[in-house]
Amino acid sequence: MEAPERVLPARKPPMGMLKAIRRDLGLTEDQAQSRLLNESRLTSIAAQLRERLGDRFAGSWLRGVAGQTLVVATTGRADAAQITAAGARPVVVGRSLARLRAVKEKLTTARPALSEVSGVRYIDVRVNKVVISSSTPRATTCKD
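Residues numbered from 1 in each chain as written. Predicted model: local features only at pLDDT ≥ 70, side-chain atom pairs only at ≥ 80, totals over all residues. Heavy atoms only, no water.

### Structural notes on the pattern of salt bridges
Throughout the structure, instances matching the rule amount to four salt bridges. D24 is the partner of R23 in a salt bridge, and the nearest nitrogen-oxygen pair spans 2.9 Å. For the residue pair R23 and D24, the accessibility class agrees, reading exposed in each case. (Salt bridge = Lys/Arg side-chain N within 4 Å of Asp/Glu carboxyl O. Buried < 20%, exposed > 50% of the residue type's maximum accessible area, 1.4 Å probe, protein only.)

### Observations regarding the sheet that holds strand β2 (residues 69-74)
By definition, the strands of a sheet pair up through backbone hydrogen bonds, in either a parallel or an antiparallel sense. Taken in spatial order, the three strands line up as β1-β2-β3 in an open sheet, and their pairing is mixed. Two strands close off the open sheet at either side, each with one partner strand: β1 (57-63) and β3 (89-92). Taking the axes of each pair of neighbouring strands and ignoring which way they run, one obtains an average angle of 25° across the sheet. Sheet analysis places β2 next to β3, joined by four bridges and oriented parallel. Looking across to β3, one finds that T74 is bridged to V92. Across the sheet, helix α2 (residues 29-53) touches β1 and β2, and the angle it forms with β2 is around 20°. (Pairing = 2+ DSSP bridges. Helix = DSSP H or I, 4+ residues; strand = E, 2+ residues; numbered from the N terminus. Axes fitted to C-alpha atoms, helices over the stretch in contact; angles between N-to-C directions. Contact = heavy atoms within 4.5 Å.)

### Some remarks on the environment of P90
Within the fold, P90 resides in strand β3. For the pair P90 and R77, spaced 13 residues apart in the sequence, the C-alpha separation amounts to 9.0 Å. What P90 contacts, discounting residues up to four positions off in sequence, is V72, A80, I83 and T84.

### Concerning the side chain of T74
Mapped onto the secondary structure, T74 falls in strand β2. Within the local environment of T74, its side chain forms a polar contact with the backbone nitrogen of G76, the two atoms lying 3.1 Å apart. Those residues within four positions of T74 in sequence are excluded, and the remaining contacts are L53, R56, A58, D79, I83, V91, V92 and V93. (Polar contact = N/O pair within 3.5 Å; in protein donor to acceptor, adjacent residues only side chain to side chain.)

Here it is as structure tokens:
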């Protein structure tokens, strides 16, 4: 006899979250609710793929108005089938998340040498780069 499927109770989002999502992302109430449900459903898939891909994992994000598509970046072309089978859209990129973190750390430790470049440094997995946001108008490019 097959065990009955377990249905988890829906959790209510924290007060004000739906309103904030609607405001910040320009969504209707239905779209905001769908977004939260999709995030909840797809976050576990992203975590599983992150673990399976290991050092080839290069990040993940949601795409679509209501976050209905999970995109998973990898440095290995052979991972595409596995990512698709899990229900996500694969993207093959040149740098792993570990590599991007190493570049960001290198920039942080090289701060004295980069004193003219002040600003926020962050990893943008969608473009597979470390971004430096600076208030100075001078453009800066760093190669990894």
